[in-house]
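One letter stands for each residue in the lines below.
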Amino acid sequence: MRTFAAVLVSAVVSIGCFCYLRQVIRREVEPTLSTWLAFTAGTSLNLLSYLAATNRDVVSGILGVVDVAFCIAVTVTTMAVRRGNIAFKMFERYYLAVGVFIACFWLLYHDPFAA
């Protein structure tokens, strides 16, 4: 049953991912790159902390795995569609810098509650 649930979660998220990526490629939507970079960093840290805190049971944490894959796919697709034309606004620079600071603090002290 656990494996079936993992496959079902993966399928549902993958369908949503493919639909969204198709919209990005067709330029029906224009995602904000800095937001997807922040999402990618956040979901990656979430997956890493999950794997570090558990017995590395990927089946139980499949949502974290497909979430990271989805965020990476959207980030890479957004960068490819823009063809290197990446310019961040001032506010985006600030919140990306703060996100990097928080991630470094978390990695340095290994305490997610302090970060």
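Before reading on, note that the structure itself is shown above.
Quick look at the structure, then. (Residues numbered from 1 in each chain as written. Predicted model: local features only at pLDDT ≥ 70, side-chain atom pairs only at ≥ 80, totals over all residues. Heavy atoms only, no water.)

1. Digging into the nonpolar core
Considering soluble globular proteins, one finds that nonpolar side chains tend to be buried as a cluster. Of all hydrophobic cores here, the largest spans six residues; its members are Cys17, Leu21, Trp36, Phe70, Cys71 and Val74. Looking at this core, the elements that each hand over two or more residues are helix 1 (2–25) and helix 3 (62–82). Looking at which element gives the most residues to this core, the answer is helix 3, with three residues. When near neighbours in sequence (up to four residues on either side) are disregarded, cysteine 17 contacts Phe70 and Ala73. (Core = buried A, V, L, I, M, F, W, Y, C linked by side-chain atoms within 4.5 Å. Buried < 20%, exposed > 50% of the residue type's maximum accessible area, 1.4 Å probe, protein only. Helix = DSSP H or I, 4+ residues; strand = E, 2+ residues; numbered from the N terminus. Contact = heavy atoms within 4.5 Å.)

2. Structural notes on unusual backbone geometry
Even without glycine at this site, arginine 27 takes up a positive phi of about 60°. Arginine 27 gets classed as exposed once you look at its relative accessible area, which sits at 54%.

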